[in-house]
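Structural characterization, general
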Amino acid sequence: MIEAKNLTKYYGSRCAVKELSFSVEKGQIVGLLGPNGAGKSTTMKMLTGCMAPSHGSVLVEGYDLATQPIKARGQIGYLPEEPPLYQDMKVGEYLNFVAELRKLPKATRKTEVETASKQAGVDEVMGRLIRNLSKGYRQRVGLAAALVGHPPFLILDEPTVGLDPQQMIEMRQLIQELGKEHTVLLSSHILSEVSAVCDHILIVSGGELVAQGTPEELQKQMQASGGLEIVVIGQEEVAKNALAALEWATILSISAENDQLQIVLEMPQDTQKKAELSATLAQAGCPVISMKERAASLEEIFLQVTQNQPQRIEEQSEQQEEQTKEQQEQSQQQTPEEEQNESDL
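Residues numbered from 1 in each chain as written. Predicted model: local features only at pLDDT ≥ 70, side-chain atom pairs only at ≥ 80, totals over all residues. Heavy atoms only, no water.

If you add up the space inside the largest pocket, you get close to 730 Å³. What lines the largest pocket is a set of 20 residues, among which Arg73, Ile76, Val98, Leu101 and Arg102 lie closest to the centre. Contributing elements (two or more residues each) for the lining of the largest pocket: helix H2 (69–73), strand S6 (76–79), helix H3 (91–101) and helix H5 (135–147). Per-element accounting of the lining of the largest pocket gives the leading share, 4 residues, to H3. Class assignment of the residues belonging to the lining of the largest pocket gives a composition of 14 nonpolar, 3 polar and 3 charged. (1 Å grid on protein atoms, 1.4 Å probe; cavity = no way out; pocket = protein on both sides within 12 Å on 5 of 7 lines; lining within 4 Å. Points joined across faces, edges and corners; volume = space filled by probe spheres on them. Helix = DSSP H or I, 4+ residues; strand = E, 2+ residues; numbered from the N terminus. Nonpolar A, V, L, I, M, F, W, Y, C, P; charged D, E, K, R; others polar.)

Pasting the structure below:
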């Protein structure tokens, strides 16, 4: 298990990651999902020991990454967003070099490299220079390097970035296959990628963990203010005006077909509110003929939990900067008594 406890990272006065705590259990494929600039790559670097947190800790199979780095990092295979490949090396040479860095026994080094290359699908290009490979194959070489030594945990930072659609599909299939033997944590800002590959999702925004769970659990968490699909008879403008009077209901979409309107609303899912909704529309001359709850999609959940978060973090950083400036100004200001004391000295 990988366990992050209160991970925090400051760049100067700006908080990139704030009090992030979560765990990745064995056998899971976990997606770290967030918009660009949410702190995903910073989090990945702290989890792999490539960057020290401002405070907080990481435990990998019980080993503290700060006090037992060799044992902790030995459990992890890491694919950065930009794999650190030596372009003038052949694929086989590079993977053997990685095996040496991992201090694998010479007796098993060849077997480990062959196994990793087959898992990543680069066994047929072992004799080719890395610089002559396509972007997709270079990404696979980076993944093969992460697999050398068969670490139980794989941490993949934006593994499909820069790939064409076909390469993205192949990489997702490969990650799913690797998930049968490894615990995988991958970061992405692509919703379809996370929903297709991962069985557990962590959503970060503004450096904070704002939601987590399986896709089904996240839908249940959002169900209290989830979607409601209704079909009414009437005119669109009349229905919109009637719904505008309900402060707790937001129109997500509306479409007309013949004399019927199909409306998707975001609103509380309790019986009293539904009854009030029906009565309001009926009084406006738009009777409801069908109503059903609609499970929130991953896209809707993502937007709901992230839309306000980055601004709040930025505001906190600005407040911290203002406080620092005020403290500096106060320290520079001297009272007449203090100035007199200095002149006496």
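Before going further, it helps to examine the pairing of strand S11 (residues 227–233). The element S11 is extensively covered by neighbouring structure, given that 5 of its 7 residues are classed as buried. In terms of strand pairing, S11 meets strand S13 (residues 260–266) through 7 bridges, oriented antiparallel. Residue pairing in the sheet places Val232 in a bridge with Leu261 of S13. The sheet contact formed by S11 and strand S14 (residues 288–294) spans 6 bridges and is antiparallel. Each bridged residue has a counterpart across the sheet, and for Ile230 the counterpart in S14 is Met291. (Buried < 20%, exposed > 50% of the residue type's maximum accessible area, 1.4 Å probe, protein only. Pairing = 2+ DSSP bridges.)

This next bit is on the sheet that holds strand S3 (residues 29–33). Taken together, the 6 strands give an open sheet; going across it, the order is S6-S7-S8-S3-S9-S10, and neighbouring strands pair in mixed fashion. Only two strands of the sheet have a single partner each, and these edge strands are S6 and strand S10 (208–213). Each strand axis lies, on average, 15 degrees off the axis of its neighbour in the sheet, ignoring direction. Relative to S10, strand S9 (residues 200–205) runs antiparallel, the two sharing 5 bridges. Within S10, the position partnered with Val204 by the bridge is Leu209. Packing of helix H11 (residues 298–306) onto the sheet brings it into contact with S3, S9 and S10, and relative to S9 it is tilted by some 35 degrees. (Axes fitted to C-alpha atoms, helices over the stretch in contact; angles between N-to-C directions. Contact = heavy atoms within 4.5 Å.)

Turning our eyes to something else, we now look at the environment of Gln166. Within the fold, Gln166 resides in helix H6 (residues 165–178). Residue classification places Gln166 among the partly exposed positions, given a relative accessible area of 47%. Counting along the chain gives 30 residues from Gln166 to Gly136, while the straight-line C-alpha distance between them is 9.4 Å.

We now examine the nonpolar core. Counting residues in each nonpolar core, the largest one holds 46 residues, and the members touching the most others are Leu95 and Ile203. Tallying contributions element by element places H5 first for this core, with 6 residues. Once you skip the residues sitting within four places of it in the chain, Leu95 turns out to touch Val113, Ser117, Val122, Met126, Val141, Ala144, Ala145 and Val148. Counting residues in hydrophobic clusters, the runner-up holds 25 residues, among them Ile2, Leu20, Met44 and Leu185. (Core = buried A, V, L, I, M, F, W, Y, C linked by side-chain atoms within 4.5 Å.)

Mapping Arg128 onto the fold places it in the loop between helix H4 (106–120) and H5. Spatially, the C-alpha atoms of Arg128 and Lys90 are 5.2 Å apart, while their sequence positions differ by 38 residues. In contact with Arg128, other than residues within four places in its own chain, are Met89, Lys90, Val91 and Leu133. Among the polar contacts listed, one links the side chain of Arg128 to the backbone oxygen of Asn132, at a separation of 3.2 Å. (Polar contact = N/O pair within 3.5 Å; in protein donor to acceptor, adjacent residues only side chain to side chain.)

Peptide bonds are trans in most cases, and residues, glycine excluded, mostly fall at negative phi. Residues other than glycine seldom take positive phi values, yet Glu19 does so here, at roughly 50 degrees. We classify Glu19 as partly exposed; its relative accessible area is 41%. A positive phi angle, near 50 degrees, is found at His150, a position not held by glycine. Counting through the fold element by element, His150 comes out in the loop between H5 and strand S7 (153–157).

Overall, antiparallel pairing links the 4 strands, which are arranged S2-S1-S4-S5 in an open sheet. Looking at the sheet topology across the chains shown, the edges are occupied by strand S2 (14–24) and strand S5 (63–64). As paired strands, strand S1 (residues 2–11) and S2 are joined by 7 bridges and run antiparallel to one another. Bridge pairing links Leu7 to Leu20 in S2. Packing of helix H1 (residues 40–47) onto the sheet brings it into contact with S1, S2 and strand S4 (55–60), and relative to S1 it is tilted by some 120 degrees.

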